Amino acid sequence: MKKRLAFYSILMKDMKNYYLKPPNISWGIIFPVAWTLMFFLRTGSPVDIREILPGVMSMSVLFGTTSMLAVTITFERKSRSFERLLLAPISLNLLMLAKTTGAIIFGVINAFVPVLFASFWIDFSGVAWGTMVLSIMLIAVTSTFLGLFISVSVSEVFEAQTFSNFIRFPMIFLCGLFIPIQALPIVLRPLSYLLPLTYGADILKNSINGNGLISPWLSLLVLLGFSFGLFLTSTHNIKKKWIY
Amino acid sequence: MKIIETKQLTKRFGDFTAVKGIDFSVEKGEIFGFLGPNGAGKTTTINMLTGLAKPTSGSITIANEDGIKNIKKVQQLIGIVPDESNLYDDMSGFDNLTFCAALYGMEKSKREARAKHLLELFNLADTGKRPFKAYSKGMKRKLTIAAGIIHEPEILFLDEPTTGIDVESARQIRKLIHSLNKKGTTIFLTTHYIEEAERLCHRIGFIVEGRIVKIGETNELLQEAQRENTVEFSLDESAAFLAPSLIKDFPKVSVKTVGEHTLRIISEEKVDLMPFMNFFDERGISVREARIIHPSLEEIFVRITGIEAGKMKKEKEGKRK
Ligand SMILES: Nc1ncnc2c1ncn2[C@@H]1O[C@H](COP(=O)(O)OP(=O)(O)O)[C@@H](O)[C@H]1O
Ligand SMILES: [Mg+2]
């Protein structure tokens, strides 16, 4: 009960202080809206919109989540308020879950901004909604923990942003979001399979257009593996670096 | 009853050993102070005791729990006031307090009542709605203390609670520490103000370069010092070269030069001034001033650590700016 109260309070504090602040709303909501409109207006035809929807959704999640962690973790660490959390009688795992849950929720909401826009152009017949929501959640979890890993590895907010971009932008091109993986030069293809977003985007494609390439079960496993791996590495790093 | 006990507590940072195997204990219900200059290892010790730093070796026992293995259990019982505020800049004083209480699992109605009460207690009621970043230094420190005691901890750790703030806030804080202690809270504090340690603490540990060089009850430390008699002579000539012949003529006393023209005679017995005046007179040295020094804690500290108290203070304040 006490732990639940602490968890909930950390989550709500972050939501109130960071997620609902104007700069984050603009980065988190307006940015995906802009991307979406740009892509949709360029493609124009309903078939194409449906084709690129998974890519746009994944990107919204990726950008929404990773940029949040730079604030909720790196910034708080810098200003020393993170110490207060480390000194609280809650386990590090629970603390980090509390610090990341907000970003996961935020990511999922971001993913549905493009869906909302797409609904003006296309109908969603044949979409496997259950799988789609599940895959979005998985992408949100994995990219949040990727953001966590980055924000724990650096000490300045701008470093977190730079490091994120270093990973995010290549992911757009390598994860089959807009360019199918088979269309990539053969030397780059193994790289694609090392990136978590490839698997997330594939399940998402399956759920929307039924045209994924990888077995959804395999993708599910890989994503869970990435999530656990990134989370545990991050908490390990916090224990090593911040509880020095 | 011992509520905190360390054994051979050590912290190394690479090649540098910041805390060198210290043993000490704090009794339940007392105010215990760590007194030492900048860089002595006070903050590092507090960090180890509260779970923000991992000891390299040694053990910690707090309230009968292993303070290293079961730190999360220990953290439920302790309150921590760091040397610099670590509250949330953009949140109001009130929100900061209720958030901190929630971290310890306090119910909403209870934590709001407690936050209101503490804001009043610290004369911060009018500013409770303002964001923390708009607070003055003294107000910030007071709110940080309020956040440290919001969950009514059994043991309170305060790292330099009055350093770098205005006199009035410092006075209020000292008063508060006293009244918290009266109600049963055990206090562990660090300070580099000798006078503060003397006024506040029941027991004091002198810490220098990672070692406890002296530990004891404040009263006893003072009595120990007062067993000795000290007379200070200010001369019109360089004092240092006189020491050897002084010791030869007066084998029962010890001599210490404390400045270019000043030396001190320290004796177990009462010091008779005349023989010394004659001694200087014979050598054609005139004495500008001779005065009896009543040893304070400062004297003892200086004697044991070899660190001039004034110097210690200046260094610290220079760092804070
Ligand atoms: N994280 C750290 N890495 C390396 N050295 C440190 C670290 N923290 C403290 N020190 C060193 O340990 C010594 C003790 O520091 P500290 O405990 O902060 O002293 P105090 O609080 O008594 O002023 C200092 O010399 C300081 O430079
Ligand atoms: Mg310190």
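Remember, predicted model here, so these are calculated numbers, not experimental data. (Residues numbered from 1 in each chain as written. Chains lettered and ligands numbered in written order. Predicted model: local features only at pLDDT ≥ 70, side-chain atom pairs only at ≥ 80, totals over all residues. Heavy atoms only, no water.)

K.L.:
What should I look at first to understand the site of ligand 1 in this one?
P.N.:
Residues and elements named next belong to chain B. Around ligand 1, the structure places 12 residues, and the nearest of them are Gly-39, Gly-41, Lys-42, Thr-43 and Thr-44. Between an oxygen atom of ligand 1 and a side-chain N or O atom of Thr-43, the distance comes to 2.7 Å. The contact in question runs from an oxygen atom of ligand 1 to an N or O atom on the side chain of Thr-44, over 2.5 Å. Considered on its own, ligand 1 offers 560 Å² of accessible surface; in the complex 63% of this is hidden by protein. Among the elements that line the shell around ligand 1, the one with the most residues is helix α1 (residues 42-50), at three residues. A class-by-class count of the residues in the shell around ligand 1 yields five nonpolar, five polar and two charged. (Near = heavy atom within 4 Å. Polar contact = N/O pair within 3.5 Å; in protein donor to acceptor, adjacent residues only side chain to side chain. Areas by Shrake-Rupley, 256 points an atom, 1.4 Å probe, with all protein chains shown as cover. Helix = DSSP H or I, 4+ residues; strand = E, 2+ residues; numbered from the N terminus. Nonpolar A, V, L, I, M, F, W, Y, C, P; charged D, E, K, R; others polar.)

K.L.:
Is there a simple way to explain the sheet that holds strand β2 (residues 16-27) of chain B in this structure?
P.N.:
What links the strands of a sheet is backbone hydrogen bonding, and the strands pair in either a parallel or an antiparallel sense. All names here are of chain B. Strand order in the open sheet formed by four strands is β2-β1-β4-β5, with antiparallel pairing between adjacent strands. Looking at which strands have only one partner, the edges of the open sheet turn out to be β2 and β5 (65-66). Bridging between strand β4 (residues 57-62) and β5 involves two bridges; their strand directions are antiparallel. Residue pairing in the sheet places Ile-62 in a bridge with Glu-65 of β5. Each of β1 (2-13), β2 and β4 touches α1; the most contacted strand, β1, lies at about 120° to it. (Pairing = 2+ DSSP bridges. Contact = heavy atoms within 4.5 Å. Axes fitted to C-alpha atoms, helices over the stretch in contact; angles between N-to-C directions.)

K.L.:
Hey, could you run me through the pattern of salt bridges in this one?
P.N.:
Residue and element names in this part refer to chain A. The tally for this structure, following the rule as stated, stands at 23 salt bridges over all chains. In this structure, Glu-156 and Lys-78 form a salt bridge, with 3.0 Å as the shortest nitrogen-oxygen distance. Placement of the pair is Glu-156 in the loop between α6 (129-153) and α7 (157-174) and Lys-78 in helix α3 (residues 46-78), with a sequence separation of 78 residues. Between Arg-80 and Glu-83 there is a salt bridge, with its nearest N and O atoms 3.2 Å apart. A relative accessible area of 24% places Arg-80 in the partly exposed class. In the salt-bridge network here, residues are joined through shared partners; they are Lys-13, Asp-14, Glu-76 and Lys-99. (Salt bridge = Lys/Arg side-chain N within 4 Å of Asp/Glu carboxyl O. Buried < 20%, exposed > 50% of the residue type's maximum accessible area, 1.4 Å probe, protein only.)

K.L.:
I keep staring at the interface of chain B and chain A and nothing clicks. Help me out?
P.N.:
A common way to report how large an interface is uses the accessible area buried once the components associate. With 31 residues of chain B in contact, the opposing surface of chain A contributes 26 residues. Both faces combined, the contact of chain B with chain A buries some 2,600 Å², and carbon together with sulfur accounts for 56% of it. For the interface between chain B and chain A, the tally reads nine residue pairs in polar contact (both at pLDDT 80 or more). Those elements that provide at least two residues to the side of chain B that touches chain A are β1, α1, α2 (71-75), α3 (93-103) and α5 (137-149) of chain B. It is α3(B) that provides the largest number of residues to the side of chain B that touches chain A, a total of five residues. Broken down by class, the residue content of the side of chain B that touches chain A amounts to 15 nonpolar, eight polar and eight charged. (Buried area = accessible area lost by both parts, 1.4 Å probe.)

K.L.:
Sorry if this is basic, but what is going on with helix α8 (residues 218-226) of chain B here?
P.N.:
Structural remark: α-helix, 3.6 residues per turn; residues separated by three or four positions point the same way. All names here are of chain B. Buried residues of α8: Thr-218, Leu-221, Leu-222 and Ala-225, and no others. Seen end-on, α8 carries its buried residues on one side only, within an arc spanning 95°. Looking at the buried positions of α8, the neighbouring elements they touch are α7 (194-200), β9 (203-208), β10 (211-217) and α11 (297-305). (Arc of directions from axis to C-beta.)

K.L.:
How do you make sense of a nonpolar patch on the surface when you look at a structure like this?
P.N.:
A surface patch of nonpolar side chains, about 500 Å² in accessible area, is lined by Ile186(A), Val187(A), Leu188(A), Leu191(A) and Leu194(A). Residue position: Leu194(A) is located in the loop between α8 (189-192) and α9 (196-209). (Patch = residues over 30% accessible without salt bridge, like charges linked within 9 Å, V, L, I, M, F, W, Y side chains within 5 Å.)

K.L.:
Would you take a moment to explain the nonpolar core for this structure?
P.N.:
Within soluble globular proteins, side chains that are nonpolar generally end up buried alongside one another. In this structure, Met57(A), Leu86(A), Met96(A), Ile4(B), Phe157(B) and Phe188(B) are the most contacted members of the largest nonpolar core, which totals 99 residues. Discounting residues that sit within four places of it in the chain, Leu86(A) has contacts with Leu92(A), Leu95(A), Ile238(A), Trp242(A), Ile243(A), Leu52(B), Lys72(B) and Gln75(B). Core analysis: the second largest hydrophobic core is formed by 46 residues, Leu97(B), Cys100(B), Tyr135(B) and Met139(B) among them. (Core = buried A, V, L, I, M, F, W, Y, C linked by side-chain atoms within 4.5 Å.)

K.L.:
Would you mind showing me how to read the side chain of Ser25(B) here?
P.N.:
All names here are of chain B. The residue Ser-25 is located in strand β2 in this model. Take Ser-25: its relative accessible area is 14%, and that puts it in the buried class. Apart from the residues within four sequence positions on either side, Ser-25 is in contact with Lys-2, Ile-4, Glu-5, Glu-30, Phe-32 and Arg-203.

K.L.:
How do you make sense of the sheet that holds β10(B) when you look at a structure like this?
P.N.:
All names here are of chain B. Spatially, β6-β7-β8-β3-β9-β10 is the arrangement adopted by the six strands of the open sheet, whose pairing is mixed. The outermost strands of the open sheet, each flanked by one partner alone, are β6 (78-81) and β10. Between one strand and the next, the sheet's axes are offset by a mean angle of 15°, whatever the strand orientation. Bridging between strand β3 (residues 31-35) and strand β8 (residues 186-191) involves five bridges; their strand directions are parallel. Paired with Gly-33 across the two strands is Leu-189, which belongs to β8. In this fold α1 packs onto β3, β6, β7 (155-159), β8 and β9, with an angle of close to 150° to the strand it touches most, β7.

This is a description of form; function is not addressed.
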